[in-house]
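Read off the chains here:
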Amino acid sequence: MLSWIFLTASVFAVLFALVAVAHRSPIINVLSLVMMFFCMAVVFALIGMDFLAAVQIIVYSGAVLVLFLFVIMLLNLKKAEGLGKGGRPLQFALGAIAAIAAGTGLVVAASRLDSTFGASLPGSEAGTAFPIGEALVGSHLFAFEFISFLLVAAIIGAIYLSRREA
Amino acid sequence: MWADLAVIGIKLAVVLGVLLTTVPIMVWVERRGSALIQDRLGPNRVGPMGLFQPVVDAVKLMTKENLIPENVDRFLYLLAPIIALIVALSTFIAVPFGFDSGLELFGQKIHGFIVAPDLNIGVLYIFAIASLAVYSIVLAGWSSNNKYSLYGGIRASAQSISYELAMTVSVVGVLMAAGSLQLQNVVTAQSGTWLGFLPRWGILVQPLGAITFIIAAFAETNRLPFDLPEAEAELVAGYHTEYSSMKFAAFFMSEYIHMVTSSALITIFFFGGWQLPWITLPGGWPGALLSIGIFGAKVAFFLWFFVWIRWTLPRFRFDQLMALGWKVMIPVAILNFLWVGVAMALHWI
């Protein structure tokens, strides 16, 4: 049961990731990325990482990709031209063969997965906010603070670069 | 197994039923309330005090022509109202709306009437789902192929990101005081008294957090004074300009359902949830029903508060909105976060 949910979520994650790269409309790209993050959240929740699943949706789907959409709409990007439409039959055929091979490989892998799946999952406590919070402000405090410092530097750099013209 | 499913089914049916019934009632309250505030009569022809007006409105919306304009992106245009309703309806399953001391139904524990009681990330789940609400607005604005809709969508995306930050930071203090992400623990952490006589409610212990959360809740539900995505004075009807009949109704309903969820969250985070100050509720079913009544009364007050504010304050300008969000709300929310940390370290709260 668990492995089938995992398999469905992963297959859809791969499919949505492909659409996110291949589709010609930027809005559809962003939306498939959102769906991809949802599938990833399902996988996280499945291995007991509830906190990561929620954070995945809050940070990526709820904030980062909204910013992407904001930029796409602000620039009013239209569909990419001259890509993917007809032509290039060889590339298309090779891509289809590769996709089918990868799909078959996934199914075969999943059929072997069934007996052992879930055997080495961490306990239910591991996925809550407590161990992650303890790790962040405990053993990894320096790295955590250092990253926040780097991010501030990056923000200042971005503001400086965008303001230089004015 | 079956009793389990039955209990979950009953909870879901009750939650959905209450949410969807609140919408027409709130439409009536909104119209009559605005009339009261503006010294008008309001709708008073259909039924006693115009009470059946929402029914007539619903029939009108359902029987209207299902219009899809030319040159819209059909897939996204139809997807947007669906996302709006799904997101609005699914946030409520982590909300506890009553107290129980181990009551059972069909041999199953009812766990304080929450649909999903074992969700150990309760608050995060709600924020995760609620943060997706903006997609419906942005997609509606973009797919309509109309410049006013597009402006509405762009405004919605910028506004939502800005106020989500302030909203989540202002809740961190509450979660720290409760030591849990589960909403039922947030409520029980507000029982008892503080400094000897004050109820230990969030609004008294951390007023700054309460104020920022309430303001951010107005912005996240796109209600006046923050309804810039639809701003009818500038953008016709903003993101839903091109929507009619039930597709418009989906946006309309989702706004009111978001209001119910926001009111419930304000009640839970800062107003003690189902508790009354200085009074311990009796156990068993009487206590449980009483707690639901108290919670409902508090939520009803905040729903009225939403209407009250809408018809009292004018709309912000967009630059004022952004300045308020980034230069005032977020620093104040962080200040609240610091206050709770210091107060907890010194055992003041």
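Look a little higher up for the structure.
Residues numbered from 1 in each chain as written. Chains lettered and ligands numbered in written order. Predicted model: local features only at pLDDT ≥ 70, side-chain atom pairs only at ≥ 80, totals over all residues.

**Q** Which residues make up the overall build of chain B, and what are the values?
**A** Within chain B one finds 13 helices and four strands. In terms of C-alpha radius of gyration, chain B reaches 21 Å, essentially the compact-globule figure of 20 Å for 349 residues. Considering only C-alpha atoms, chain B reaches an extent of 60 × 50 × 45 Å along its principal axes. Considering only contacts in chain B between residues 6 or more positions apart, those separated by 24 or more positions represent 76%. (Helix = DSSP H or I, 4+ residues; strand = E, 2+ residues; numbered from the N terminus. Rg over C-alpha atoms; globule rule 2.2 N^0.38 Å. Contact = placed C-beta atoms within 7 Å.)

**Q** Kindly report on the overall build of chain A, identifying the contributing residues and their values.
**A** Within chain A one finds six helices and zero strands. Secondary structure elements of chain A occur, N-terminal to C-terminal, as α-α-α-α-α-α. Looking at the 166 residues of chain A, the share that counts as buried comes to 19%. (Buried ≥ 20, exposed ≤ 12 C-beta atoms within 10 Å, placed from the backbone.)

**Q** Can you lay out helix 9 (residues 207-220) of chain B for me, pointing to particular residues and giving the numbers?
**A** Residue and element names in this part refer to chain B. Between its first and last C-alpha atoms helix 9 spans 20 Å; for 14 residues at 1.5 Å apiece the expected length is 20 Å, and the two agree. Counting buried positions along helix 9 gives eleven out of 14 residues, so the element sits mostly inside the fold. Regarding helix 9, the residues found buried are Gly209, Ala210, Thr212, Phe213, Ile214, Ile215, Ala216, Ala217, Phe218, Ala219 and Glu220. On the buried face of helix 9, the contacting elements are helix 4 (122-130), helix 6 (147-178), helix 8 (202-205), helix 11 (245-270), helix 12 (284-310) and helix 13 (318-345). Backbone geometry just after helix 9 places Asn222 at a positive phi near 55 degrees. (Expected span 1.5 Å × (residues − 1).)

**Q** Outline the interface of chain B and chain A, supporting the account with residue identities and numerical values.
**A** Accessible area lost upon the coming together of the parts is a frequently used measure of interface size. Across the boundary between the two partners, chain B contributes 21 residues, which contact 17 residues of chain A. Per-element tally for the side of chain B that touches chain A: the top contributor is helix 6 of chain B, with eight residues. Partitioned by chemical class, the residues of the side of chain B that touches chain A number 15 nonpolar, five polar and one charged. (Nonpolar A, V, L, I, M, F, W, Y, C, P; charged D, E, K, R; others polar.)

**Q** An account of the packing of helix 3 (residues 50-75) of chain A against helix 6 of chain B is requested, with residue identities and associated values reported.
**A** For any two helices packed against each other, the geometry is given by the interaxial angle and the distance between the axes. In the contact formed by helix 3 of chain A and helix 6 of chain B, the axes pass within 10 Å of each other and the chain directions differ by 150 degrees. Taken together, the axis directions place helix 3 of chain A and helix 6 of chain B in an arrangement best described as roughly antiparallel. For the crossing formed where helix 3 of chain A meets helix 6 of chain B, the hand is left-handed. For the pair helix 3 of chain A and helix 6 of chain B, contact is made by Gly62(A), Ala63(A), Val66(A), Leu67(A), Leu69(A), Phe70(A), Met73(A) and Leu74(A) and by Leu150(B), Gly153(B), Ile154(B), Ser157(B), Ala158(B), Ser160(B), Ile161(B) and Glu164(B), respectively. (Axes fitted to C-alpha atoms, helices over the stretch in contact; angles between N-to-C directions. Parallel < 35°, antiparallel > 145°, perpendicular 65-115°, else oblique. Left-handed = near helix turned anticlockwise from the far one by under 90°.)

**Q** Tell me what's going on with the nonpolar core, and back it up with residues and numbers.
**A** Judged by nonpolar contacts, the single largest core of 121 residues is most densely connected at Ala54(A), Leu124(B), Phe213(B), Ala216(B), Ile266(B) and Phe269(B). Not counting residues within four places of it along the chain, the set of residues in contact with Ala216(B) comprises Tyr163(B), Ala166(B), Met167(B), Ser170(B) and Met329(B). (Core = buried A, V, L, I, M, F, W, Y, C linked by C-beta atoms within 7 Å.)

**Q** Summarise unusual backbone geometry; cite the residues concerned and give the values.
**A** A negative phi angle characterises most non-glycine residues, just as the trans form characterises most peptide bonds. All names here are of chain B. Positive phi, close to 55 degrees, is recorded for Met49, a residue that is not glycine. Mapped onto the fold, Met49 is located in the loop between helix 1 (2-37) and helix 2 (53-63). Assessed through the 12 C-beta atoms surrounding it within 10 Å, Met49 is described here as exposed. Unlike most non-glycine residues, Ser245 shows phi in positive territory, near 45 degrees. With respect to the secondary-structure elements, Ser245 resides in helix 11.

None of this, on its own, says anything about what the molecule does.
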